[in-house]
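Structural overview for review
So the chains spell out like this:
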Amino acid sequence: MGALAGVKDAFTKNFRQSGIYLAFVAIIILFYFLTDGVLLTPQNVTNIVVQNSYILILAIGMVIVIIAGHIDLSVGSVVAFTGAVAGVVTVRHGLPWWIGVVAALLVGAAVGAWQGYWVAFVGIPAFIVTLAGMLLFRGATMVTLGNTQISPFPDDFRNIASGYLNGVLGGNGYDAFTLLLGALGVIGYAFSQWRKRRARIAYQQDVESMPLFIGQIVIMGAVVMAFAWELANYKGLPIVLIILAALILVYAAVTKNSVFGRHVFMIGGNLNAATLSGIKVKWVNFWIFVNMGVLSALAGLVFTARLNLANPKAGTGFELDAIAAAFIGGAAVTGGVGTVVGTIAGGLIIGVMNNGMSIMGVGIDYQQAIKGLVLLMAVAFDVYNKRRAGVSR
């Protein structure tokens, strides 16, 4: 009974976040059967990661913006603009590919600083500033490209999104290096959870029973190793997945453990209290948008490298997918709530649904309608949970 009670307690303590992961697993199982197993073939699993990588990168920045109580509607246009900058530098001027990467990231930071200035120091709502930015930077993309397309890009640039680490340690029909990294990831996760458990015990806080704790580690380890096995049996470890994993680790740590992360949550949770407590609200908001600009540029580089094309229409609708990923992943509409890991789960839910419905031959019109319903249900679930907790809206 103790173990069962522990399981119940683990899910009820944070029912919304637990529900996200349960929904993710349920959607994978559903589409696995609907696609006759095609969804979880090694090639398709790799495709899901690569095809959704730029949306997940955007979603990491977007959830921080939303936690602070803002929104950014310009990220799709910034993706196109920074991709165009990389194309002009790398292809038209023939400079080394890494200079194009640096130029795009610097432009993304400048775009974020521009929008952050109007939001933080002038006081214009982010909705208006970024709506203007969506139009402004889409126009800037057309001007930069001369309303044409730029292609092809150098192979080194394309490897950002299409490259794989394969054969580093060999393997008979599979990539041993990918499996090794997966195993190291499981060990790192287990060690961090063990340290967290010890710290909670030291502060005399409640912890789950040891069988439940071990069971969580085993389940997570099995999921990670199954994922690594799928990748290892196709082309190995995608380079873009390494980039994405590094971002997740860094931003999860920043939002949970850094002073800046705590300030972001305080601003979104109670702006007046944050101001009275001495937090430099304007500067925090400014750097939130600078960060969003840099991540938008990185997403633009990945997207451009994947298509091998800088296009004036690139990034159309990306802002909606990033926002949807954040809300489905647990971010609150009113700000002050959200996690990087939950947002990644939300983005993967959208990615698995898109991929599964495409395999089934579902039309794009129905796909859009279904995604809209999923987003509506996620926000409705947020409202329902707040009412259960007695929080007045």
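One can find the structure itself at the top, above this paragraph.
None of these values were measured; they are calculated from a predicted model. (Residues numbered from 1 in each chain as written. Predicted model: local features only at pLDDT ≥ 70, side-chain atom pairs only at ≥ 80, totals over all residues. Heavy atoms only, no water.)

Focus: the overall build of the protein chain
What counts, and what does not: Secondary structure follows DSSP: runs of H or I at least 4 residues long count as helices, runs of E at least 2 residues long count as strands, and numbering of each begins at the N terminus. Buried, partly exposed and exposed residues are distinguished by accessible area as a fraction of the type maximum, computed with a 1.4 Å probe on protein chains only: under 20%, between the cut-offs, and over 50%, respectively. Working rule for contacts: check all heavy atoms of both residues, and any pair within 4.5 Å makes them a contact. The Shrake-Rupley method, run with a 1.4 Å probe sphere, supplies the accessible areas, and residue values consider only the shown protein chains as cover. Positive residues here are Lys and Arg, negative ones are Asp and Glu, while His and the chain termini are left out of the count. Charge placement uses NZ in Lys and CZ in Arg. For Asp and Glu, CG and CD serve respectively.
A count of helical and extended segments in the protein chain gives 16 helices and 2 strands. Out of the 393 residues belonging to the protein chain, those deemed buried represent 46%. For the protein chain, the proportion of contacts with a sequence separation of at least 24, taken over those separated by at least 6, is 78%. Of the roughly 19,200 Å² of accessible surface on the protein chain, a fraction of 68% belongs to carbon and sulfur atoms. One finds the centroid of the 23 positive side-chain charges in the protein chain at a distance of 10 Å from the centroid of its 13 negative side-chain charges.

What to know about the layout of surface pockets
Put simply, the test is: Throughout, the protein atoms alone are placed on a 1 Å grid, and a set of points is a cavity if a 1.4 Å probe fits but cannot get out or a pocket if it is open with protein on both sides within 12 Å along at least five of seven lines; lining residues have an atom within 4 Å of a point. Grid points are joined across faces, edges and corners, and a volume is the space filled by probe spheres set on the points. Polarity classes work like this: nonpolar for Ala, Val, Leu, Ile, Met, Phe, Trp, Tyr, Cys and Pro, charged for Asp, Glu, Lys and Arg, and polar for all others, with Gly in that last group.
By volume, the second largest pocket is sized at about 520 Å³. Around the second largest pocket sit 25 residues that line it, and Asp321, Ile350, Asn354, Gln368 and Lys371 are the ones nearest its centre. Mapped by element, the contributors of at least two residues to the lining of the second largest pocket are helix H3 (42–67), helix H14 (318–328), helix H15 (340–360) and helix H16 (364–388). The residue inventory of the lining of the second largest pocket, partitioned by class, reads 12 nonpolar, 11 polar and 2 charged.

Brief notes about the packing of aromatic side chains
The condition is simple: When two rings of Phe, Tyr or Trp (its six-membered ring) have centres within 6.5 Å they constitute a pair, described as stacked for plane angles under 30 degrees, edge-to-face for angles over 60, and tilted for the intermediate range.
Throughout the structure, instances matching the rule amount to 15 aromatic pairs. Plain terms: the ring middles of Tyr54 and Phe303 are 4.9 Å apart, the flat faces sit at 75 degrees to each other, and that makes the pair edge-to-face. Within this pair, whereas Tyr54 is found in helix H3, its partner Phe303 is found in helix H13 (residues 281–307), the two being separated by 249 residues in sequence. A relative accessible area of 10% places Tyr54 in the buried class.

Brief notes about the pattern of salt bridges
Threshold: Definition used for salt bridges: Asp or Glu carboxyl oxygen within 4 Å of a side-chain nitrogen of Lys or Arg.
If you walk through the whole model with that rule in mind, you get 2 salt bridges. Between Asp155 and Arg158 there is a salt bridge, with the nearest N and O atoms lying 4.0 Å from each other. Of this pair, Asp155 and Arg158 both sit in helix H7 (residues 155–162), separated by 3 residues, roughly a single helical turn. Overall, the relative accessible area of 32% leaves Arg158 in the partly exposed class. Between Asp321 and Lys371 there is a salt bridge; the shortest N-O distance is 3.7 Å. Here Asp321, found in helix H14, pairs with Lys371, found in helix H16; they are 50 residues apart in sequence, far enough to count as distant. Residue class for Asp321 comes out partly exposed when judged on its relative accessible area of 21%.

Some thoughts on a nonpolar patch on the surface
For clarity, the threshold we go by: In this analysis, a patch consists of residues with relative accessible area above 30% that form no salt bridge, clustered at 9 Å for like charges and at 5 Å for the nonpolar side chains Val, Leu, Ile, Met, Phe, Trp and Tyr.
On the surface, a nonpolar cluster with roughly 580 Å² of combined accessible area is contributed by Tyr117, Phe121, Val122, Phe260, Trp283 and Trp287. Going through the elements one at a time, helix H5 (97–122) and H13 are the ones with two or more residues in the nonpolar patch. Ranked by the residues each element gives to the nonpolar patch, the list is headed by H5, at 3 residues. Within the secondary structure layout, Val122 lies in helix H5. On the basis of relative accessible area, Val122 is assigned to the partly exposed category, the value being 38%.

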